[in-house]
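Working through the structure, step by step
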Amino acid sequence: MFARGLVLLPLTAAALVASACLDRPANDAPRARGDIHLPNSGEVIEAEVPRNATLASVLRAHELGDAVITGIVDAARSAFDLRRLRASQPYRLEVSAAGAVREFVYRIDADRFLRVSAAPAPPSAPAAEPGFTAEVVDYPKETAVAAVRGTIDREHSSLVAAMDTAGEGVSLAIALAEVFGGEIDFNSDLQPGDEFELVFEKRLSDGRFAGYGEILGAEFRNDGRVLRAFRFEQPGQPAGYYDEQGRSLKRFFLRSPLRFEPRISSGFSMRRLHPVLGTWRSHPAIDYVAPTGTPVVAVASGVVTRAGWMSGGGKTVTIKHARGYETNYLHLSAIDVRAGERVAQGSVIGKVGCTGLCTGPHLDYRVKRDGQWVNPLVEHKRLPPGEPIAEAPLAAFTAARDAALARFVSRVPDPLVAAND
């Protein structure tokens, strides 16, 4: 079974509460619920946009006058494409005690809302038609730090399933796979009983989830190994992930050209019965079974030397790397790079497919070193560890590492246990 845990922790002393307790920003978009009556000050109506509705029909349902509806619609149209009004999105209508519309607010998405406000009537023209102004406003964002842990088992054997059971989304699973991409092949290395734990940033808007930030620290227990990663930015360098001793987790090669999920269907062999031709041939490759369209990434930075059709290999990408290495990616359904293009480690170069001689969607992944085919899995183990953090910022890294470790679910004291001590 999965071990579950979710702890929201403050990023700073000023951000002390979890998402459900965050104060709602002034003039923010509403949460759908029944009408709210404000004695002596008017009425606030909060609801959701019905299906097949227009802004005019939404306003007409609240028995507003034609002139008011026209004024709100014209103002809103100047700031927002009203064709993008979506069903089930919340809105709020505020009306004064005298029946005049003060404000209309519509939640566009997790990041923005549309606000239409009544413009002050000129003193010299009290009988003039009501005027309105409109603007699209960004929601104020808050960042909390969360911690989560999970376990791989036979029923949920993928990182995505484990993360989902722990209450978090697929994008966080992808980010975690990228952190440990040089150490774990998430296509083949995961075992029942493997555990993970991480501390990460959560973006909140009006108390609602609005996306993930950075992973600050992570631990993966894989087949008896304990791997840890901590985010740190050395002066003058982009942020990276380092182990407890401050050694970079960024290897020359990633363990796999697929982030995770697929399985190995055929290994490296110099004599294999070809499934289509029926003859014994060399197969200096690792075959990964994956659905058509699965993104394929470059295992190392380099220059694309081939991006096109290669006989039985179908659509193929070949990349030349430093240290005499070359990688090949065969049977692609689509190619996202061009010959001569420089690509970075982890960048998408194509999609899994079944072009050329193949029996089903998969990726044929091959590696050459100094012109000779080598087993990708064996070769990766021979690569040296990453560069360590320089001596000067090492103390700052140690502090960041210890702060992340202290926030792991397994290390946060249980308040009930602490109260009984």
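Now for a quick tour of the structure. (Residues numbered from 1 in each chain as written. Predicted model: local features only at pLDDT ≥ 70, side-chain atom pairs only at ≥ 80, totals over all residues. Heavy atoms only, no water.)

1. Observations regarding the overall build of the protein
A count of helical and extended segments in the protein gives seven helices and 24 strands. Put simply, the protein has 421 residues, and 44% of those count as buried. Partitioning the contacts of the protein with sequence separation of at least 6, the portion at a separation of at least 24 is 63%. For the protein, the exposed area adds up to about 21100 Å²; of that, 51% sits on carbon and sulfur atoms. (Helix = DSSP H or I, 4+ residues; strand = E, 2+ residues; numbered from the N terminus. Buried < 20%, exposed > 50% of the residue type's maximum accessible area, 1.4 Å probe, protein only. Contact = heavy atoms within 4.5 Å. Areas by Shrake-Rupley, 256 points an atom, 1.4 Å probe, with all protein chains shown as cover.)

2. Focus on the pairing of strand E9 (residues 195-205)
Within E9, nine of the 11 residues are buried, leaving the element largely enclosed by the surrounding structure. With 11 bridges joining them, strand E8 (residues 141-151) and E9 adopt antiparallel strand pairing. Across the sheet, the residue bridging to Thr151 is Glu195, located in E9. Linking two consecutive strands that pair antiparallel, namely E9 and strand E10 (residues 208-222), is a turn of two residues; a positive phi of about 55° is found at Asp206 within it. (Pairing = 2+ DSSP bridges.)

3. Some words on the pairing of E10
As defined by bridge partners, E9 adjoins E10 across nine bridges and the pair is classed as antiparallel. Note that in E10 the partner of Glu195 across the bridge is Arg221. Linking two consecutive strands that pair antiparallel, namely E10 and strand E11 (residues 225-232), is a turn of two residues; a positive phi of about 50° is found at Asp223 within it.

4. Re the packing of aromatic side chains
Counted according to the given criterion, the structure contains 14 aromatic pairs. Here the aromatic rings of Phe186 and Phe220 are separated by 5.5 Å at their centres, their planes lie at 80°, and the arrangement is edge-to-face. Placement of Phe186 in the loop between helix H4 (170-179) and E9 and of Phe220 in strand E10 is noted, with a sequence separation of 34 residues between them. Residue Phe186 is classed as buried on the basis of its relative accessible area of 4%. Under the relative-accessibility criterion, Phe220 is labelled buried at 0%. (Phe/Tyr/Trp six-rings, centres within 6.5 Å; stacked < 30°, edge-to-face > 60°.)

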